[in-house]
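Architecture and fold: a report
Below are the chains, spelled out letter by letter.
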Amino acid sequence: QEQVIESGGGLVQAGGSLTLSCFGSGRPFGSFPMGWFRQAPGKERTFVAAITQSGTYYTDSVKGRFTISRDNAKNTVYLQMNSLKPEDTAVYYCNVAVVDRSGSWRGLPDWGQGTQVTVSA
């Protein structure tokens, strides 16, 4: 059974950094566009970043602060997060990323457990 395991979350002060990792225990990520998404308390899950063969993509609020990368040999996708803000507090998930008919990034229906990121003011 395919499974993604997100890790690396934690509690950090505003201005701090964290690096999230997403390891896939199933099929290799290498041929798929991968993305990070997040869900803040009481809100819907939203797109954060994606990495494809043609490049990387970010939601406006994280541009210049977050960097998505991948190591296909390790079947792992990373999200380096710098200059963290309290509004970045959320559970972060990774998934295969696709663009829907409206032009929005979406993940596939199955999600992992995510990793909690909490940024204190």
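Please read these numbers as outputs of a predicted model, since none were measured by experiment.

Before going further, it helps to spend a moment on the sheet that holds strand S3 (residues 18-24). Spatially, the four strands line up as an open sheet ordered S1-S3-S8-S7, and their pairing is antiparallel. The outermost strands of the open sheet, each flanked by one partner alone, are strand S1 (4-7) and strand S7 (66-71). Within this sheet the neighbouring strands show an average axis-to-axis angle of 15 degrees, counted without direction. In this structure, S7 lies alongside strand S8 (residues 76-81), joined through six bridges in antiparallel fashion. What sits directly across from Asp-71, in S8, is Thr-76.

Following the criterion strictly, the structure yields five aromatic pairs and no others. Ring centres of Phe-37 and Trp-111 lie 5.2 Å apart, and the angle between their planes is 90 degrees; on these two criteria the pair is classed as edge-to-face. Pair noted here: Phe-37 is in strand S4 (residues 34-39) and Trp-111 is in the loop between strand S10 (105-107) and strand S11 (115-120), with a separation of 74 residues, a long-range link. Exposure remark for Trp-111: the relative accessible area of 26% places this residue in the partly exposed category. Between Tyr-93 and Trp-111, the ring centres sit 5.8 Å apart and the planes meet at 80 degrees, which makes this aromatic pair edge-to-face. With Tyr-93 in strand S9 (residues 90-99) and Trp-111 in the loop between S10 and S11, the pair connects residues that are 18 residues apart, well separated along the chain. Taken together, the aromatic side chains of Phe-37, Phe-47, Tyr-57, Tyr-93, Trp-105 and Trp-111 make up a single cluster linked through ring pairs.

Time to look at the nonpolar core. Among the nonpolar cores identified, the biggest contains 24 residues, and Trp-36, Val-48, Phe-66, Ile-68, Leu-79, Met-81 and Tyr-92 are the most heavily contacted of them. At the level of elements, S3, S4, strand S5 (45-52), S7, S8, S9 and S11 are the ones that each hand at least two residues to this core. Excluding residues within four positions of it along the chain, Tyr-92 makes contact with Glu-6, Leu-20, Trp-36, Phe-37, Arg-38, Val-48, Phe-66, Leu-79, Met-81, Gly-114, Thr-115 and Val-117. Counting residues in hydrophobic clusters, the runner-up holds five residues, among them Phe-47, Ala-50, Ala-97 and Trp-105.

Okay, the state of the cysteines next. This structure, assessed with the given rule, holds one disulfide. The disulfide that involves Cys-22 links it to Cys-94, with 1.7 Å between the sulfurs. Handedness of the Cys-22-Cys-94 disulfide follows from its S-S torsion of about 45 degrees: it is right-handed. On the criterion of sequence distance, the pair formed by Cys-22 in strand S3 and Cys-94 in strand S9 is long-range, its members being 72 residues apart. Residue classification places Cys-22 among the buried positions, given a relative accessible area of 0%.

Pairing geometry for S3 and S8, over six bridges, is antiparallel. Bridge pairing in S8 links Leu-18 to Met-81. Linking two consecutive strands that pair antiparallel, namely S7 and S8, is a turn of four residues; a positive phi of about 50 degrees is found at Asn-75 within it.

Quick notes on the rules
As a convention, each chain's residues are numbered from 1 in the sequence order in which they are written. Per-residue local features are limited, in this predicted model, to residues with pLDDT of at least 70; the limit for side-chain atom pairs, both in listing and counting, is 80 or more; totals at the level of whole chains, interfaces and linings are taken over all residues. Calculation of side-chain values draws on the structure's entire complement of heavy atoms; hydrogens and water are dropped beforehand. Paired strands, as defined in this entry, are two strands with at least two bridges between them according to DSSP. In this description a helix means any DSSP run of H or I spanning at least four residues, a strand means any run of E spanning at least two, and both kinds are numbered starting from the N terminus. To obtain each axis, a line is fitted to C-alpha atoms, and for helices this fit is confined to the stretch in contact; angles are then taken between N-to-C directions over 0 to 180 degrees. The pairing test for Phe, Tyr and Trp rings, Trp by its six-membered ring, is centres within 6.5 Å, and the orientation test on the planes gives stacked under 30 degrees, edge-to-face over 60, and tilted for anything in between. Partly exposed describes any residue whose relative accessible area lies between the buried limit of under 20% and the exposed limit of over 50%, with all areas from a 1.4 Å probe on protein chains only and scaled to the type maximum. Among the buried residues, those of types Ala, Val, Leu, Ile, Met, Phe, Trp, Tyr and Cys that are joined through side-chain atoms within 4.5 Å form a nonpolar core. Note on contacts: a residue pair is in contact if any heavy atoms of the two residues lie within 4.5 Å. Two cysteine sulfur atoms make up a disulfide if the distance between them is within 2.5 Å.

So yeah, pure geometry; function would need other evidence.
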